[in-house]
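Spelled out from the first residue to the last, the chains are:
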Amino acid sequence: HDLGNAVFVSTGGSPTNAQFRSMLAHTPEAVHHICFDRDLPGQSFSVFLALHSVGRNYSATLDQAKGTMSVRDLCSGTRQEISMRPFDFEEVCRELGIDNHRLHYYPCDGRYKDWNDQLLDKPVTEDQEQEEKRSGGFRR
């Protein structure tokens, strides 16, 4: 509500672990509002940010065909497979044991791929949606 104290960060499409660590180190008291694309990679980045926010050292792999993410804790060696379909950020955080009270996930409206398209009012066309479905991308 106080945009005078807000910082907006663009990751340039594919954020790295170093970007997440640096941003979190510079904003330890911040509430983060996550606005990645609503396709599987964007949803995955949201999970990665959540893992970093609680200091997890992890590796993760996506199975786009199954719509799952496998997360391995590199300290304990435990491995969890979580469903990314349908994507529910709160549920994924619960499954991974992440206290996400300082993280808020805001997907764009289902008619758009990302926030840029929503702000420009450029809805996804039927052709784009069919291609994304074939490639395991975003879902309404």
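Everything in this summary refers to the structure shown in the same document.

Conventions adopted
- Residues numbered from 1 in each chain as written.
- Predicted model: local features only at pLDDT ≥ 70, side-chain atom pairs only at ≥ 80, totals over all residues.
- Heavy atoms only, no water.
- Pairing = 2+ DSSP bridges.
- Helix = DSSP H or I, 4+ residues; strand = E, 2+ residues; numbered from the N terminus.
- Axes fitted to C-alpha atoms, helices over the stretch in contact; angles between N-to-C directions.
- Polar contact = N/O pair within 3.5 Å; in protein donor to acceptor, adjacent residues only side chain to side chain.
- Contact = heavy atoms within 4.5 Å.
- Salt bridge = Lys/Arg side-chain N within 4 Å of Asp/Glu carboxyl O.
- Core = buried A, V, L, I, M, F, W, Y, C linked by side-chain atoms within 4.5 Å.
- Buried < 20%, exposed > 50% of the residue type's maximum accessible area, 1.4 Å probe, protein only.

A word on the sheet that holds strand E2 (residues 58-63). Spatial strand order, E2-E3-E4: three strands in an open sheet with antiparallel pairing. The open sheet has two free edges, formed respectively by E2 and strand E4 (79-83), since each of these has just one partner strand. Strand-to-strand, the axes of this sheet are offset by a mean angle of 20°, without reference to chain direction. Here strand E3 (residues 68-73) runs beside E4; their pairing, made up of five bridges, is antiparallel. Counterpart to serine 70 in the pairing with E4 is glutamate 81.

Tracing the sequence through the fold places asparagine 100 in the loop between helix H3 (89-96) and strand E5 (103-105). Within the structure, asparagine 100 has its side chain in polar contact with the side chain of glutamate 90 (distance 3.3 Å). Non-local contacts of asparagine 100, meaning those with residues more than four positions away in its chain, are made with Phe89, Glu90 and Cys93.

The full count for this structure, using the stated rule, is six salt bridges. We note a salt bridge from glutamate 81 to lysine 66, for which the minimum N-O separation is 3.3 Å. Residue glutamate 81 is located in strand E4, and its partner lysine 66 is located in the loop between E2 and E3; the two are separated by 15 residues in the primary sequence. Measuring nitrogen to oxygen at the nearest pair gives 3.4 Å for the salt bridge that ties arginine 79 to glutamate 81. What emerges from the salt-bridge pattern is a single network uniting Asp37, Asp39 and Lys113.

Before going further, it helps to examine the nonpolar core. When a protein is soluble and globular, its nonpolar side chains tend to lie buried together. In terms of nonpolar packing, the biggest core is built from 25 residues, with Val47, Phe89 and Leu96 touching the most fellow members. Those elements that place two or more of their residues in this core are helix H1 (17-26), helix H2 (40-53), E3, H3 and E5. Here this core gets seven residues from one element, more than from any other, and that element is H2. Those residues in contact with phenylalanine 89, other than ones at most four positions away along the chain, are Ile34, Ser46, Val47, Ala50, Asn100, Leu103 and Tyr105.

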